[in-house]
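Listed below are the residues making up each chain.
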Amino acid sequence: SRIRRLLIRGKDASRVWDSASRMANAVRARFTAGELEMLGPAESPLAVVNRNYRVHMLLLTPRIAALQASLPEILADLKLPGGVYLEIDTDPQSLL
């Protein structure tokens, strides 16, 4: 299995959590339970860094190509609000 970590961050906690929830729903809508396991969204271990609230989710899948192909489409449909940023980490070494 391969892992993708999605980290959503921004100065407005409610916008960050709303964006993370919308992202999680969009990912769940594209995959069945057997194709992808999602952990989160959850508060990142370092929840606030430089006054940025951080929420993350882990996506685990044996079919990394399908996830890799779907992420750009999901992101294009999602349209994060101003001041909210997404970082994608492939096979993260650390979750901090």
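Not measured: the values here are computed from a predicted model. (Residues numbered from 1 in each chain as written. Predicted model: local features only at pLDDT ≥ 70, side-chain atom pairs only at ≥ 80, totals over all residues. Heavy atoms only, no water.)

S.K.: Got a minute to help me understand the pairing of strand E2 (residues 37–49) in this structure?
M.R.: Across a regular strand the side chains alternate sides, sitting on one face of the sheet and then on the other. Bridging between E2 and strand E3 (residues 52–61) involves 7 bridges; their strand directions are antiparallel. Within the sheet, the bridge partner assigned to Val-49 lies in E3 and is Asn-52. Between E2 and E3, which pair antiparallel one after the other, the connecting turn spans 2 residues, and Asn-50 there sits at a positive phi close to 50°. (Pairing = 2+ DSSP bridges. Helix = DSSP H or I, 4+ residues; strand = E, 2+ residues; numbered from the N terminus.)

S.K.: Got a minute to help me understand the side chain of Asn-52 in this structure?
M.R.: Turning to its location among the elements, Asn-52 is positioned in strand E3. The contact partners of Asn-52, leaving out residues within four places of it in the chain, are Arg-9, Gly-10, Lys-11 and Ala-47. (Contact = heavy atoms within 4.5 Å.)

S.K.: Sorry, what's going on with the pattern of salt bridges here?
M.R.: Oppositely charged side chains can form a pair if their charged atoms are brought close together. All chains considered together, the criterion is met by 6 salt bridges. Here Arg-63 ties to Glu-35 by a salt bridge, and the two come within 2.7 Å at their closest N and O atoms. Of this pair, Arg-63 sits in the loop between E3 and helix H2 (64–78) while Glu-35 sits in the loop between helix H1 (13–30) and E2, and the two are 28 residues apart along the sequence. Of the residues examined, Arg-63 reaches a relative accessible area of 42% and is grouped as partly exposed. (Salt bridge = Lys/Arg side-chain N within 4 Å of Asp/Glu carboxyl O. Buried < 20%, exposed > 50% of the residue type's maximum accessible area, 1.4 Å probe, protein only.)

S.K.: How should I be thinking about H1 in this particular structure?
M.R.: Working note: α-helix, 3.6 residues per turn, so residues spaced by three or four point in the same direction. Helix length check: H1, at 18 residues, gives a terminal C-alpha distance of 26 Å against a target of 26 Å (1.5 Å per residue), a fit within 8%. Along H1, the residues classified as buried are Val-16, Ser-19, Ala-20, Met-23, Ala-24 and Val-27. Angularly, the buried residues of H1 cover 135° about the axis, an arc narrow enough to put them on a single face. Turned more than 90 degrees away from the buried face of H1, the exposed residues are Ser-14 and Ala-29. Of the surrounding elements, those touching the buried residues of H1 are strand E1 (2–10), E2, E3, H2 and strand E4 (84–90). (Expected span 1.5 Å × (residues − 1). Arc of directions from axis to C-beta.)

S.K.: Sorry, what's going on with the nonpolar core here?
M.R.: Soluble globular proteins: nonpolar side chains tend toward being buried together. In terms of nonpolar packing, the biggest core is built from 20 residues, with Met-23, Val-27, Met-57, Leu-59 and Leu-67 touching the most fellow members. Secondary structure elements with two or more residues in this core: E1, H1, E3 and H2. For this core, the element with the most residues is H2, which contributes 6 residues. (Core = buried A, V, L, I, M, F, W, Y, C linked by side-chain atoms within 4.5 Å.)

S.K.: How do you make sense of the side chain of Ser-70 when you look at a structure like this?
M.R.: Following the sequence through the fold, Ser-70 ends up in helix H2. One polar contact links the side chain of Ser-70 to the main-chain carbonyl oxygen of Ala-66, over a distance of 3.0 Å. (Polar contact = N/O pair within 3.5 Å; in protein donor to acceptor, adjacent residues only side chain to side chain.)

S.K.: I'm lost on the pairing of E3 in this one. Help?
M.R.: Summarising burial for E3: 8 of the 10 residues are buried, a large majority. As paired strands, E1 and E3 are joined by 9 bridges and run antiparallel to one another. If you follow Leu-6 over to E3, its bridge partner there is Met-57.

S.K.: Looking at this structure, how should I read the packing of H1 against H2?
M.R.: For any two helices packed against each other, one specifies the crossing angle of their axes together with the interaxial distance. Two elements in contact, H1 and H2, have axes whose closest approach is 10 Å; the angle formed by their N-to-C orientations is 135°. One finds that H1 runs oblique with respect to H2. Relative to H2, H1 is oriented so that their crossing is right-handed. Seen from H1, the contacting residues are Ser-19, Arg-22, Met-23, Ala-26, Val-27 and Arg-30; seen from H2, they are Glu-73, Ile-74, Leu-75, Asp-77 and Leu-78. Partitioned by chemical class, the residues of the contact of H1 with H2 number 6 nonpolar, 1 polar and 4 charged. (Axes fitted to C-alpha atoms, helices over the stretch in contact; angles between N-to-C directions. Parallel < 35°, antiparallel > 145°, perpendicular 65-115°, else oblique. Left-handed = near helix turned anticlockwise from the far one by under 90°. Nonpolar A, V, L, I, M, F, W, Y, C, P; charged D, E, K, R; others polar.)

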